Amino acid sequence: MTFEELNINSEIIKSLLEKHITQPTSVQQKVIPFIAENKNIMFQSETGTGKTFAYVLPLVTRLVAQENPGKAVKIMIVSPTYELASQIKIEIQSICKIRCALLIGGAPIGRQIELLKEKPEIVIGGASRLLELIHLKKLKAEQVETLVLDEADRLLSKELRDDTEALLERLPKHVQLIGNSATVSSYTLKILQKARDGIVRGELNENDRIMLIELPQEDVLRKRITHWAIFAERRDKIDTLRSLINAEKPEKMIVFTGRSDQIDNIASKLRFKKIECETLSSKTDKIKRKSAIDRFKSGKAKILITTDLTSRGLDINNISHVVQMDLNENEDFFIHRAGRTARSGKNGINCVIGDQFEMQLYSRLEKKLKLVVYPKMLYKGKVIDPNSIEEIE
C-alpha cells in the first residue's frame, strides 16, 4: 500500500518525501486504517519499525481536516521519558505546522503554562506533569479526542501505572485510546482494558473494546543484529570497553549501564584515554540533555553512555554498536537496549561485556530469545573469535 491509499494528507506525504520516506512500513500499513476508523487499539511491533508515524500520520491527517476554531487540545501523547517525548515532537513538526507543546516533569512548569497559552492542538509529555497541569486548570482536557500511550508497557508498569490511570480518568469517557510498544504483555492489555471499563462506568460500547494488533516478527533482533559476548571481570569492564572502542572505531555507539552512578565513572575513564563521549541520565537537566543528544546525533561525540531510562526514547540513525555493561534478568531491558541499533533496515552489533554470572544469564537469554551469540575477545587491537587465537599466532 502507498500513503495515498492510506488516505494520508497530501501535504504530509510531500513532507515525508522530503525525509526520503516513500513507502509505509508494515506496521503503518496495518495500523493506520484502524486509527483512521477511530478504533481503540494496542499494537505491538519491534523497535525500528516505524511505530511513531503509525499513529502520528492518521491522527495529524484527521486534525488537519477538521475545524478547531478555538484551537483546543485534541491529541494527548504520553511518554515515559523526556527523550521519547522530545523525539515524538520532532517527528510531528517535521511533517506539519500544527502547534505542539512538550510538557515534561523536571522542566519549569511556568514556561509550560506559557506554552499552553499559545493554543497547541497536540500535547506530549509525562503522565504526572500532564495531570498536574490539568489539576491546575492550565491544560483543558475536555475536548481531547485521542490519547496515545507510547511505550504502553512502561507507562502501565508499577512505577507509572497510577499516574497513567489517573490521567485516563480525567479525559472524556469515549476518548480514542491508542497504545504501542515493542513488547506488550497480556497483563498490560488487561490492566488497560480494566481502566477503560471503569472510566466509561458501565456505558461500554463495542468501540470501547481495545483491539490487540500484533505485527509478524521481522526478526530484527536475530536477522539484523549480530550479538557478541565479551567476558570481563567487573574491575576490568571499562578497560575492555575502551579497547573495544579503539578496535571497532564505531560510527555511533550507545553504552548502557543499569547503574546511574557508573555513568560518570565510565565517562571519566574514557575521556582520560582521549575518547570523546557524552552522558545521559535521569538527573541530566534539559539543556545538557539536548546538548548531549545533539553532539551524539551530529557525530561530534561517537559514544553515548546512558541508563535504561533513556533506552526507549533514543531514535537516532546510524547507531552501529550497542554495548551492555551489565544484564538485567528482565529480557525486555535487553530487547529495548539492543533495539537502538539496526534501525530503518540497517544492521548493527549488540555486545554484552559481562562477568561469569552475566555470561550465564546471557546464555539463558540466548536460548529463550533464540539468538546466536558469538563469543569474542580483544587481541592485539582487534576483536577476534577466541578459537582463532592459535591460528593468528
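Structure report, in brief.

## Points about the overall build of the protein
Part 1: When its secondary structure is counted, the protein shows 16 helices and 15 strands.
Part 2: Here the C-alpha radius of gyration of the protein, 22 Å, is about what a compact globule of 393 residues would show, namely 21 Å.
Part 3: Over its C-alpha atoms, taken along the principal directions, the protein stretches across nearly 75 × 40 × 40 Å.
Part 4: In the protein, which comprises 393 residues, the proportion classed as buried is 54%.
Part 5: When the accessible area of the protein is evaluated, it comes to approximately 18,900 Å², of which 48% is carbon and sulfur surface.
Part 6: Between the centroid of the 63 positive side chains of the protein and the centroid of its 54 negative side chains there is a distance of 4 Å.

## Remarks on empty space enclosed by the protein
Part 1: By the definition in use, this model includes two cavities of 30 Å³ or more.
Part 2: In this structure, the largest cavity occupies an estimated 40 Å³ of space.
Part 3: Counting residues per element, the lining of the largest cavity draws most heavily on helix α3 (residues 51-65), at three residues.
Part 4: Of the residues assigned to the lining of the largest cavity, the class counts are three nonpolar, two polar and two charged.
Part 5: By volume, the second largest cavity is sized at about 30 Å³.

## Overview of the layout of surface pockets
Part 1: One number sums up the size of the largest pocket: a volume of about 880 Å³.
Part 2: Around the largest pocket, the lining is made up of 34 residues, and of these Gly50, Phe53, Glu91, Asp315 and Ser344 lie nearest the centre.
Part 3: When contributions to the lining of the largest pocket are tallied by element, the ones reaching two or more residues are α2 (26-36), α3 and α4 (82-93).
Part 4: Looking at which element gives the most residues to the lining of the largest pocket, the answer is α4, with four residues.
Part 5: Here the residues of the lining of the largest pocket sort into five nonpolar, 17 polar and 12 charged.

## With respect to the sheet that holds strand β3 (residues 100-103)
Part 1: In space, the seven strands of this open sheet follow the order β3-β4-β2-β5-β6-β1-β7, with parallel pairing throughout. Every other strand in the sheet has two partners, leaving β3 and β7 (210-214) as the edge strands with one partner each. The sheet shows a mean angle of 15° between the axes of neighbouring strands, direction not considered.
Part 2: Running at roughly 175° to β3, α4 makes contact with β2 (75-78), β3, β4 (122-125) and β5 (146-150) of the sheet.

## Re the side chain of Lys237
Part 1: Within the fold, Lys237 resides in helix α11 (residues 237-248).
Part 2: Assessed through its relative accessible area of 4%, Lys237 is described here as buried.
Part 3: Looking at Lys237, its side chain comes within polar contact range of the side chain of Glu358, at 2.6 Å.
Part 4: Excluding residues within four positions of it along the chain, Lys237 makes contact with Ala232, Met325, Asp326, Ile353, Gly354, Asp355 and Glu358.

Reading guide: rules and limits
Residues numbered from 1 in each chain as written. Predicted model: local features only at pLDDT ≥ 70, side-chain atom pairs only at ≥ 80, totals over all residues. Heavy atoms only, no water. Helix = DSSP H or I, 4+ residues; strand = E, 2+ residues; numbered from the N terminus. Rg over C-alpha atoms; globule rule 2.2 N^0.38 Å. Buried < 20%, exposed > 50% of the residue type's maximum accessible area, 1.4 Å probe, protein only. Areas by Shrake-Rupley, 256 points an atom, 1.4 Å probe, with all protein chains shown as cover. Lys, Arg positive; Asp, Glu negative; His and termini not counted. Charge placed at Lys NZ, Arg CZ, Asp CG, Glu CD. 1 Å grid on protein atoms, 1.4 Å probe; cavity = no way out; pocket = protein on both sides within 12 Å on 5 of 7 lines; lining within 4 Å. Points joined across faces, edges and corners; volume = space filled by probe spheres on them. Nonpolar A, V, L, I, M, F, W, Y, C, P; charged D, E, K, R; others polar. Pairing = 2+ DSSP bridges. Axes fitted to C-alpha atoms, helices over the stretch in contact; angles between N-to-C directions. Contact = heavy atoms within 4.5 Å. Polar contact = N/O pair within 3.5 Å; in protein donor to acceptor, adjacent residues only side chain to side chain.

Read these as geometric descriptors, not functional statements.
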